[in-house]
Amino acid sequence: MTEEYLYQDFKEPYDRDAIITIMLNDVGQQHGGVITSMQGDGYIANIIILYYFSNQKHLCIDYFFADGTNLEERTFWTNFISLFSKTYLKNGNR
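For the structure given in this document, a descriptive report is provided here. The residue numbering used here restarts from 1 in each chain and proceeds along that chain's sequence as written. pLDDT decides what is reported in this predicted model: residues at 70 or higher carry local features, side-chain atom pairs at 80 or more are listed and counted, and totals for whole chains, interfaces and linings draw on all residues regardless. Heavy atoms from the whole structure form the basis of all side-chain values; hydrogens and water molecules are not counted.

**Quick notes on the packing of aromatic side chains**
What counts, and what does not: Two rings from Phe, Tyr or Trp (for Trp, the six-membered ring) form a pair when their centres are within 6.5 Å of each other. A pair whose planes differ by under 30 degrees is stacked, one over 60 is edge-to-face, and the rest are tilted. Burial here depends on accessible area, computed with a 1.4 Å probe over protein chains only, as a share of the maximum for the residue type. Under 20% is buried, over 50% is exposed, and the range in between is partly exposed. For the purposes of this entry, the term helix denotes a DSSP run of H or I that reaches at least four residues, the term strand denotes a run of E that reaches at least two, and both are numbered from the N terminus. Should the NZ of a Lys or the CZ of an Arg lie within 6 Å of a ring centre and within 35 degrees of the ring normal, that charge is described as sitting over the ring.
Enumeration according to the criterion identifies 7 aromatic pairs in this entry. When the centroid spacing of 5.6 Å and the interplanar angle of 70° are considered together, the rings of Tyr63 and Phe65 count as edge-to-face. Judged by relative accessible area, Phe65 falls into the partly exposed class, the value being 23%. Their ring planes at 10° and their centres at 6.1 Å tell us that Phe76 and Phe80 sit as a pair that is stacked. Of the two residues, Phe76 and Phe80 are both situated in helix 2 (residues 71–90); the distance of 4 residues between them amounts to about one turn of the helix. Take Phe76: its relative accessible area is 24%, and that puts it in the partly exposed class. Here the basic side chain of Arg16 rests over the ring of Phe76, its NZ or CZ set 3.8 Å away from the ring centre.

Right under this line is the structure:
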């Protein structure tokens, strides 16, 4: 199955590469966003990623996996967010 994601309130689905590009651009411009996977049980998406900047301009990333999310997707997003957070902080950001 192809992974498709929705960004904010846009109706157009994006693939994983496109959604990562959008997220990187948003964070580079200090904009927050919400990403949800199109897969799920009809009530809740398998993956929800929230990223935003606190009042002190610190990057915050919250992410959630539904019980039905497969291991590959969980592993990928957990590793990506961890690496991204470390890289962002290493570059002098907060």
